[in-house]
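Working through the structure, step by step
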Amino acid sequence: MAEISADNEFATFINLFPTKPRDQQKLVDLIVKAHEELIRHRPGYISGNVHRSVDGYQVVDYTQWRRREDFEAMVRDPASAPHFMPIGELTQGKQGAYDVVYTHVVEGTGDTGKGNGDE
């Protein structure tokens, strides 16, 4: 599970993939396959989450890494190409590196409260 906290020093990457409703599930499947077969096995990987918009026009990939360099090494590795090429055929994603600056979780929501900045 992702630990989203302003207190951690993880490198966070959010990738936005515009898509069409008819292609959204295929895109989700390709991104999940990349996570299952490649990304999660790379040094420095911490967590990954894939979100799809309810209107069918967007897929978001949220990953956390120990260091930005770990993510960059995975992207540059030629072994990544077979996983990323089919995604690139469906969409042009926009990648961004982010720092978490604020989080809040209402107490009593069933969450343990860990990693939300309210510890």
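Structural notes, computed from the coordinates. Per-chain numbering applies: the sequence of each chain, read as written, is numbered from 1 onward. With pLDDT at 70 or above as the cut-off, local features in this predicted model cover only qualifying residues; side-chain atom pairs require 80 or more to be listed or tallied, and sums for whole chains, interfaces and linings still use all residues. Only hydrogens and water are set aside; all other atoms, that is, all heavy atoms of the structure, feed into the side-chain values.

1. Some words on the packing of aromatic side chains
Only the six-membered ring of Trp is used, alongside the rings of Phe and Tyr, when aromatic pairs are assigned; centres must lie within 6.5 Å, and planes under 30 degrees apart are stacked while those over 60 apart are edge-to-face, with the rest tilted. All chains considered together, the criterion is met by three aromatic pairs. Considering the side-chain rings of Phe 13 and Phe 71, the 3.8 Å spacing of their centres and the 15 degrees angle between planes classify their relative orientation as stacked. Of the two residues, Phe 13 sits in strand 1 (residues 11-18) while Phe 71 sits in helix 2 (residues 68-76), which places them 58 residues apart along the sequence. Summary of the burial criterion: residues with accessible area below 20% of their type's maximum are buried, those above 50% are exposed, and those between are partly exposed, where the area comes from a 1.4 Å probe applied to protein chains only. For Phe 13, a relative accessible area of 3% puts it in the buried group. Elements are defined by DSSP. Helices are runs of H or I of four residues or more, strands are runs of E of two residues or more, and each kind is numbered from the N terminus.

2. Re the pattern of salt bridges
Within this document, salt bridges are pairs made up of a side-chain nitrogen of Lys or Arg and a carboxyl oxygen of Asp or Glu, the two lying within 4 Å of each other. This structure, assessed with the given rule, holds four salt bridges. Close ionic contact of Arg 40 with Glu 36 constitutes a salt bridge, the shortest N to O distance being 3.6 Å. You can call Arg 40 partly exposed: its relative accessible area is 44%. Accessibility expressed as a relative area gives 42% for Glu 36, which makes it partly exposed. With a shortest N-O distance of 3.7 Å, Glu 69 and Arg 67 are connected by a salt bridge. Here Glu 69 falls in the partly exposed class, since its relative accessible area comes to 42%.

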